[in-house]
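Analysis of the macromolecular model
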Amino acid sequence: AVVSTQSTGIVGSYDKSLIWFDMDLSTKPYKSLQQHKKAVRDVCFHPRLPLYSSVSDDCSAIVTHGMVYDDLVKNPLIVPVKVLRAHKAGSKYGVLSNVFHPNQPWLFTGGADGDIWLYV
């Protein structure tokens, strides 16, 4: 799963990691995060707020505050906000997709269990 803004990108991988790229600092990864226990299936940025979320086969969605400053001397701020668990584990897959509401800080997730959840 890959998501990006103007100068920031996040890649989620099947090895349970999220790789944060800040192209203003370097073309190499800025930070590698190990927040999930199983493969990361999807990552998304909020269109207006400094939030991103990642979903995984461990049936969780993690919402994180990710702030990139205009001042290149300051490092990006990455703070996990909430771990959301509502999907049921049944198959080898967990949460497959997620998307933020365009205006509100609401998160929609879709899982392999056939459910769609809205977190407000």
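Residues numbered from 1 in each chain as written. Predicted model: local features only at pLDDT ≥ 70, side-chain atom pairs only at ≥ 80, totals over all residues. Heavy atoms only, no water.

**Remarks on the overall build of the protein chain**
Each helix and strand counted, the protein chain has 0 helices and 11 strands in total. In sequence order, the protein chain lays out its α and β elements as β-β-β-β-β-β-β-β-β-β-β. Along the first, second and third principal axes, the C-alpha atoms of the protein chain reach 45 × 30 × 20 Å. Within the protein chain, buried positions represent 41% of all 120 residues. As displayed, the protein chain offers around 6,900 Å² of accessible surface, 56% of which is attributable to carbon and sulfur atoms. Here the protein chain contributes 12 positively and 10 negatively charged side chains, and the mean placements of these two sets differ by 7 Å. (Helix = DSSP H or I, 4+ residues; strand = E, 2+ residues; numbered from the N terminus. Buried < 20%, exposed > 50% of the residue type's maximum accessible area, 1.4 Å probe, protein only. Areas by Shrake-Rupley, 256 points an atom, 1.4 Å probe, with all protein chains shown as cover. Lys, Arg positive; Asp, Glu negative; His and termini not counted. Charge placed at Lys NZ, Arg CZ, Asp CG, Glu CD.)

**Looking at the sheet that holds strand β6 (residues 51-56)**
Strand order in the open sheet formed by 4 strands is β5-β6-β7-β8, and the pairing between neighbours is antiparallel. The open sheet has two edge strands with one neighbour each: β5 (40-45) and β8 (77-84). Mean inter-strand twist for the sheet, computed between neighbouring axes without regard to direction, equals 20 degrees. Bridging between β5 and β6 involves 5 bridges; their strand directions are antiparallel. When the bridges of β6 are listed, Phe45 appears paired with Tyr52. (Pairing = 2+ DSSP bridges. Axes fitted to C-alpha atoms, helices over the stretch in contact; angles between N-to-C directions.)

**Here's the deal with the nonpolar core**
Listed in full, the 10 residues of the largest apolar core are Cys44, Leu51, Val55, Ala61, Val63, Leu84, Val95, Phe100, Leu107 and Tyr119. Elements with a minimum of two residues in this core: β6, β7 (61-67) and β9 (95-100). If near-sequence neighbours (up to four positions away) are discounted, Phe100 is found in contact with Cys44, Phe45, His46, Pro47, Leu51, Tyr52, Ser53, Val63, Trp106 and Leu107. (Core = buried A, V, L, I, M, F, W, Y, C linked by side-chain atoms within 4.5 Å. Contact = heavy atoms within 4.5 Å.)

**Some remarks on the packing of aromatic side chains**
Scanning the entire structure with this criterion turns up 3 aromatic pairs. On the numbers, 5.9 Å between centres and 65 degrees between planes, the contact of Phe45 with Tyr52 is edge-to-face. We note that Phe45, like Tyr52, is buried. Site record: aromatic cluster; members linked through ring pairs are Trp20, Phe45 and Tyr52. (Phe/Tyr/Trp six-rings, centres within 6.5 Å; stacked < 30°, edge-to-face > 60°.)

**Notes on the sheet that holds strand β10 (residues 107-111)**
Overall, antiparallel pairing links the 3 strands, which are arranged β9-β10-β11 in an open sheet. Edge positions in the sheet fall to β9 and β11 (116-119), since each of these pairs with one other strand and no more. Taking each pair of neighbouring strands and ignoring which way they run, the sheet shows an average axis angle of 20 degrees. Here 5 bridges tie β9 to β10, and the two strands are oriented antiparallel to one another. Each residue of the ladder has a partner; that of Asn98, found in β10, is Thr109.

**Focus on the environment of Tyr30**
Checked against the element boundaries, Tyr30 lands in the loop between β3 (18-22) and β4 (31-33). It is 31 Å that separates the C-alpha atoms of Tyr30 and Lys92, two residues lying 62 residues apart in sequence. When sequence neighbours within four positions are dropped, the list of residues in contact with Tyr30 reads Trp20, Phe21, Asp22, Leu25, Asn75, Pro76 and Ile78.

All we've got here are geometric facts, nothing functional implied.
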